[in-house]
Amino acid sequence: MNTRVLTLAFLLALSASAALAQPRSLSPAQLDALFTDEPRIEVNVAGPLLGMVAELTRRDEPQFADMLRGLRGVYVRQYDLSTARAGLTGRVSEFARSLERDGWQTLVRVREPGENVFIYVLPSGNVLNGLVVMVLDENDNEATFVTIDGRIDPAQIGRLGRQFNVPHLDDTRAARR
Amino acid sequence: MALRILSLAALLLGAPLLTGCASTEMRSVRNDLARQMPAADIRDGRTFSFGAVSIGFARLVTGLVGEDAAPARMILRDVRRVKVGRFDVAGPVDADRVRMPARLRRYVERDGWMHLVTFRQDGEAGWVLYRARGERITDLFVTVLSGDELVLARISGNLSEIAFTLLEHADVRMPFFGEALSTDDEAAVDEAALSED
């Protein structure tokens, strides 16, 4: 009996440590705390729906479909910038720094009057294990946050951006060169 | 014998109307939104529920139409139930602040539904939820609230198969959140990226 309990405790500890080792991304609660109102657009594509999108795409783009199969989820949240709490830009920069501390690498960082764009990727060998896009756009009065969780073929990032309509993601080929 | 055939025909013809009874689920969503927006007037609308008999009847009709209706017949084969509600709305609708109705939240938190989309834009608000069994999407619930109407729709069946059927017969490239580019467009994007170097 004791052996069984110990084995169970060991397995639980192992799974907990694996979860802790996983570099964190943006949680919905973290983002919601930055604004007084709920997001005006929220999209969560995960699980069987992502599998379905992959299969629907397979006929025309089998490689892209294979990559979609390797994703765990695509999450988009867009807020009205006028509902931001004080210090939004600083808090977003802090998010960016915390991603860097967790091993994420900067793919794009644009700081222009009226617009801040951050794109981060989590490299793992020849592939990426995650991608985060944060856009604060004063011109369009919107703040957009996109998280793509799972294995991403770097060659397919632009295609991914166009498929899911992710702002700035289809420009990344130019940025990487 | 003739009477039995006539009765059956009447039952089949009347089925879509007889099943147009009020749906508690739809009214619950409507009432929740009405409570959230006391200044707006969400009126008593109509809700319809189409089950096996109505859908079977529709399939029968599409079977009589001929080959033109073949895609519709194939889609109907995978539909198990459809519920639709429409309510007139008058008065101010604050789409930016309206929250997901409690019944839908309960579906997500307790009943295994997944939250696909929320939108609040241009005076409209909406929610799309779905439910899956294994790899198959089995239910879809769409709520759209605008300044003049509230529309609710719930469809159950093998929705993954319906999506494949639509794609196969409509001969379109994958239309999801972004429009897929043609090969020529992809090449143009690559060329533009190179020219920026």
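Please refer to the structure placed before this passage.
These figures come from a predicted structure and were not determined experimentally.

Trainee: Honestly, a positive patch on the surface in this entry has me stumped. Any pointers?
Mentor: Together, R80, R81, R133 and R136 of chain B make up a positively charged patch on the protein surface. Mapped onto the elements, R136 of chain B comes out in strand β6 (residues 136-145).

Trainee: What's the story with the pattern of salt bridges in this structure? I'm lost.
Mentor: Side-chain pairs of opposite charge can arise where the charged atoms are in close proximity. Applying the stated rule across the entire model yields 26 salt bridges over all chains. Between E94 of chain A and R97 of chain A there is a salt bridge; the shortest N-O distance is 3.2 Å. Here R97 of chain A and E94 of chain A lie together in helix α5 (residues 88-101), a separation of three residues that amounts to about one turn. Classification of R97 of chain A by relative accessible area gives partly exposed; the value is 42%. Two residues, D41 of chain B and R43 of chain B, come together in a salt bridge whose shortest N-O distance is 3.1 Å. Given a relative accessible area of 42%, R43 of chain B falls into the partly exposed group. Several salt bridges share partner residues, and in doing so they unite E55, R58, D66 and R69 of chain A together with E135 of chain B into one network.

Trainee: I would appreciate a short explanation of the packing of aromatic side chains in the present structure.
Mentor: Any pair of aromatic rings gets described here by the distance separating the centres and the angle formed by the planes. Residue and element names in this part refer to chain A. Counted by the stated rule, this structure contains seven aromatic pairs over all chains. Centre to centre, the rings of F35 and F145 are 6.3 Å apart; their planes meet at 70 degrees, and the pair counts as edge-to-face. Of this pair, F35 sits in the loop between α2 (28-32) and β1 (41-46) while F145 sits in strand β6 (residues 142-152), and the two are 110 residues apart along the sequence. Look at F35 and you get buried, because its relative accessible area is 1%. Consider the rings of Y79 and F145, whose centres lie 6.1 Å apart with planes at 75 degrees: the pair is edge-to-face. One end of the pair, Y79, is in strand β2 (residues 71-80); the other, F145, is in strand β6, with 66 residues separating them in the sequence. Neither Y79 nor F145 differs from the other in exposure class; each is buried. Here the aromatic residues F35, Y79 and F145 are joined through ring pairs into a cluster of three or more. Here the guanidinium or amino end of R159 rests over the ring plane of F64, the centre of that ring lying 4.5 Å away.

So, how was this worked out
- Residues numbered from 1 in each chain as written.
- Chains lettered and ligands numbered in written order.
- Predicted model: local features only at pLDDT ≥ 70, side-chain atom pairs only at ≥ 80, totals over all residues.
- Heavy atoms only, no water.
- Patch = residues over 30% accessible without salt bridge, like charges linked within 9 Å, V, L, I, M, F, W, Y side chains within 5 Å.
- Areas by Shrake-Rupley, 256 points an atom, 1.4 Å probe, with all protein chains shown as cover.
- Salt bridge = Lys/Arg side-chain N within 4 Å of Asp/Glu carboxyl O.
- Lys, Arg positive; Asp, Glu negative; His and termini not counted.
- Charge placed at Lys NZ, Arg CZ, Asp CG, Glu CD.
- Helix = DSSP H or I, 4+ residues; strand = E, 2+ residues; numbered from the N terminus.
- Buried < 20%, exposed > 50% of the residue type's maximum accessible area, 1.4 Å probe, protein only.
- Phe/Tyr/Trp six-rings, centres within 6.5 Å; stacked < 30°, edge-to-face > 60°.
- Lys NZ or Arg CZ within 6 Å of the ring centre and 35° of its normal.

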